[in-house]
Amino acid sequence: MTDSDGEEIADLPPSAKLVYKVLEYNGPLTQKGIVEESMLSARTVRYALERLDEIGVIEEDVYFADARQNLYEIVDEAVEAEPAVSD
């Protein structure tokens, strides 16, 4: 087991929380887009993305407009976790 087991967003550093909120409000972004929106340094954003990835709240995908970059987005677990409402 890793040290990050059981860790949640509330346990993360402020920079990771900010990156999460930027992705939540703006949708999928590249690392460069996150840097521009959050006004954090590229190194801080990289670290925040690593932490968010460790706890499984974001996913990384290929950015087809520029394959050298990755596209980051929030995992849509909240929708899957909601129980179905019956009449």
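Structural notes, computed from the coordinates.

### As for the nonpolar core
Then, number 1: By size, the foremost hydrophobic cluster in this structure holds 16 residues, and its most contacted members are Val-19, Leu-23, Ile-34, Leu-49, Leu-52 and Ile-58.
Then, number 2: Broken down by secondary-structure element, the contributors of at least two residues to this core are helix H1 (14-26) and helix H3 (42-54).
Then, number 3: Ranked by residues supplied to this core, first place goes to H1 with 5 residues.

### Structural notes on the sheet that holds strand S1 (residues 29-30)
Then, number 1: Across the sheet, which stays open at both edges, the 3 strands sit in the order S1-S3-S2 with antiparallel pairing between neighbours. The two strands at the open ends of the sheet, each matched to only one other strand, are S1 and strand S2 (58-62).
Then, number 2: In this sheet, strand S3 (residues 70-74) lies alongside S1 in antiparallel orientation, the contact comprising 2 bridges. Its bridge partner lying in S3, Leu-29 is registered against Tyr-72.

### Examining a negative patch on the surface
Then, number 1: Residues Glu-50, Asp-53, Glu-59, Glu-60, Asp-61 and Asp-76 make up a contiguous surface patch of negative charge.
Then, number 2: Elements represented by at least two residues in the negative patch include exactly H3 and S2.
Then, number 3: Per-element accounting of the negative patch gives the leading share, 3 residues, to S2.
Then, number 4: A relative accessible area of 44% means that Asp-53 is categorised as partly exposed.

### Quick look at unusual backbone geometry
Then, number 1: With a phi angle near 60°, Met-39 is a residue other than glycine that sits in the positive phi range.
Then, number 2: With respect to the helices and strands, Met-39 occurs in the loop between helix H2 (31-38) and H3.
Then, number 3: For Met-39, a relative accessible area of 75% puts it in the exposed group.

### Describing the pairing of S3
Then, number 1: Judged from the 5 bridges that link them, S2 and S3 form a sheet pairing that is antiparallel. Its bridge partner lying in S3, Ile-58 is registered against Ile-74.

### A word on the side chain of Thr-30
Then, number 1: For Thr-30, the location among the structural elements is in strand S1.
Then, number 2: Overall, Thr-30 belongs to the buried group, its relative accessible area being 10%.
Then, number 3: Excluding its chain neighbours within four sequence positions, the residues that come into contact with Thr-30 are Tyr-63, Gln-69, Asn-70, Leu-71 and Tyr-72.

What counts and what doesn't
Chains are numbered independently. Their residues run from 1 in the order of the written sequence. Whole-chain, interface and lining totals are the exception, using all residues; otherwise, since this is a predicted model, local features are given only for residues with pLDDT of at least 70 and side-chain atom pairs are given and counted only at 80 or more. Only heavy atoms go into the side-chain values, all of them from the structure, while hydrogens and water stay out. As used in this record, nonpolar core signifies buried Ala, Val, Leu, Ile, Met, Phe, Trp, Tyr and Cys residues forming a set joined through side-chain atoms within 4.5 Å. With a 1.4 Å probe rolled over the protein chains alone, any residue whose accessible area is under 20% of its type maximum counts as buried; one over 50% counts as exposed, and the rest are partly exposed. Comment: elements are numbered from the N terminus, with helices defined as DSSP H or I runs of at least four residues and strands as E runs of at least two. Strand pairing is defined by DSSP finding a minimum of two bridges between the two strands. To count toward a patch, a residue needs a relative accessible area above 30% and no salt bridge. Like charges then connect within 9 Å, nonpolar side chains (Val, Leu, Ile, Met, Phe, Trp, Tyr) within 5 Å. Per-residue and other accessible areas were derived by the Shrake-Rupley procedure at a 1.4 Å probe size, with only the shown protein chains allowed to occlude residues. Salt bridge criterion: a side-chain nitrogen from Lys or Arg within 4 Å of a carboxyl oxygen from Asp or Glu. Only four residue types enter the tally: Lys and Arg on the positive side, Asp and Glu on the negative side, with His and both chain ends excluded. For charged residues, the charge sits on one atom: NZ in Lys, CZ in Arg, CG in Asp, CD in Glu. Contacts are assigned to residue pairs with any non-hydrogen atoms lying within 4.5 Å of each other.

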